[in-house]
Amino acid sequence: MNNKKIISSFKSLKKIIGESKKIILTTHLIPDGDAIGSEFAMYNYLRQNGKEVSIINHSYTPDSYQWQDKKGIIKVFKENTDKYTKLINNADLIIILDTNEYSRTKSMEAVLKNSPAKKAVIDHHLGTQFDLFDVVVNDTNYPATGELLYDYFSFDNKKYINKFIAVNLYVGILTDTGSFRYPRTTQKTFLICADLISRGADPVYIYDMVYGQLNTGKIKLLGRFIDSLTYHLKGKLILGVVTMQDFKDYHSDVQDVDGFSSFIMSVKNIKAGIVIVERNNGIKLSFRSKGNINMRSFAAEFGGGGHKNASGASLPPQDPYELKENIISKFKVFLSKQKINL
Ligand code: 5GP
Ligand code: MN
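Along each chain, the written sequence defines residue order, and numbers are assigned to residues from 1. By the order in which they are written, chains take letters starting at A while ligands take numbers starting at 1. Given that the model is predicted, a residue must reach a pLDDT of at least 70 before its local features are reported, and side-chain atom pairs must reach 80 or more before they are shown or counted; all residues, however, enter totals for whole chains, interfaces and linings. Working from all heavy atoms in the structure, the side-chain values ignore hydrogens and water.

Undergrad: Explanation requested: the packing of helix α2 (residues 33-48) against helix α6 (residues 163-176) in the structure shown.
TA: Any two packed helices are characterised by how steeply their axes cross, that is the angle between the axes, and by the distance between the axes. The contact between α2 and α6 brings their axes to 7 Å, and the two run at 160°. Between α2 and α6, the angle falls in the class roughly antiparallel. At the point where α2 passes α6, the crossing takes the left-handed sense. From α2, G33, D34, I36, G37, F40, A41, N44, Y45 and Q48 reach across to α6, where they touch F164, I165, N168, L169, V171, G172, T175 and D176. Classes in brief: Ala, Val, Leu, Ile, Met, Phe, Trp, Tyr, Cys and Pro nonpolar; Asp, Glu, Lys and Arg charged; the others, Gly included, polar. Residue classes in the contact of α2 with α6 are distributed as eight nonpolar, seven polar and two charged. Axis geometry follows a simple rule: fit a line to the C-alpha atoms, using only the stretch in contact for helices, then measure angles between N-to-C directions, giving values from 0 to 180 degrees. Under the scheme used here, helices are H or I runs from DSSP no shorter than 4 residues and strands are E runs no shorter than 2 residues, and both carry numbers assigned from the N terminus. Oblique is the label for any angle not under 35 degrees, not over 145, and not in the 65 to 115 range, which are roughly parallel, roughly antiparallel and roughly perpendicular in turn. Take the far helix as the reference: if the near one is turned anticlockwise from it by less than a right angle, the crossing is left-handed, and if turned clockwise, right-handed. Two residues qualify as a contact provided that any one of their heavy atoms is within 4.5 Å of a heavy atom in the partner residue.

Now the structure itself:
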């Protein structure tokens, strides 16, 4: 989206919000900091505008972001499917944040799609199907949905960006830029964060709340993950596996895997990193790359998606080690098809 398009999508969003009273916010499964931060920022903005707002998610909020929800605002769909289905059906507007795929709302997919409410999406991923939404605010140049929301709130009126919104937008930008180091981090990102800090976001406190609360289970899981790493293509491709047994041994769960894929990307000379996580309902794959290896295209071979340098996919239950061998051979073919010589 170019600048004109994004402004016109902001206008449409403001209009549809203005026409709505009851609004539902939701996001993708296993929400990250950008998903949760964007939900809370939008929630607060809508409340300031006198709307009735509910946040309903498929997943529980990961521990790292629970401090943002002191009031217990986020509802988890499966906790009361009937009640939340009614809320969704009675809403005027549903806003999906930080994903543009209904399927990534998992258990909520059908209810959201079938609700008579209008639908808006605010996101920075590729592949939006425009016909599935009444309003689309999407620009893949943004490093975080949080940065996109900052521009939207500024477009409406900067007065809305209070401390609570500033903190939540900062969380989104901090986490989705990998602490300001991923490629889409710009001068503008820092200027926005400077403004968020002036509005009350404390970068030291926020970093500590998000990244400085590791439990021993996660540390042990990381140890086992490091042991699982295998090195291919002269160390330019690294794969790691986390199994259900690992989770069981260390009383940890999938949220503890957050950050493992970026961790392997800090190994010298690595160009591509793949993390295979076995869960009881299937396998979660994370793909990471540097430079022009398009991991979004590679993830698509497994029915997944995402960004060029960070993508993922979900597969049915299967042996993670057999899958790993399969991924390695597919990746080699992929590289040769893309004429990439590592
Ligand atoms: P992560 O590896 O952190 O879970 O995901 C990285 C990115 O890949 C996400 O921001 C998201 O865009 C994408 N992604 C992860 N899992 C899936 C999936 O199962 N399906 C699709 N389409 N995209 C995914
Ligand atoms: Mn995001």
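The structure having been displayed, the exposition proceeds.
Undergrad: When you look at the side chain of Q68 in this model, what are you seeing that I'm missing?
TA: Position of Q68 among the secondary structure elements: in the loop between β2 (52-57) and β3 (74-76). Sequence-distant contacts of Q68, defined by excluding residues within four places in its chain, comprise I36, G37, F40, F164, N168 and V171.

Undergrad: Where do I start with the site of ligand 1 in this structure?
TA: For this purpose, a residue is taken to be near a molecule or strand whenever a single non-hydrogen atom of the residue falls within 4 Å of it. Surrounding ligand 1, one finds 15 residues, the nearest of these being H125, K284, S286, R288 and S314. Side-chain polar atom of R104 to a nitrogen atom of ligand 1: 3.1 Å apart, as the coordinates give it. For ligand 1, an oxygen atom lies 2.5 Å from a polar atom in the side chain of S286. For the accessible areas, the method is Shrake-Rupley and the probe is 1.4 Å, while residue cover comes only from the protein chains on display. When ligand 1 sits alone it has 500 Å² of accessible area, and the protein chains cover 81% of it. Mapped by element, the contributors of at least two residues to the shell around ligand 1 are β10 (282-289), β11 (305-306) and β12 (310-315). Among the elements that make up the shell around ligand 1, the one with the highest residue count is β12 (five residues). When its residues are assigned to classes, the shell around ligand 1 shows two nonpolar, nine polar and four charged. Counting of polar contacts relies on pairs of N or O atoms within 3.5 Å, with two restrictions inside protein: one atom must be capable of donating a hydrogen and the other of accepting it, and residues adjacent in sequence are counted only when both atoms are side-chain atoms.

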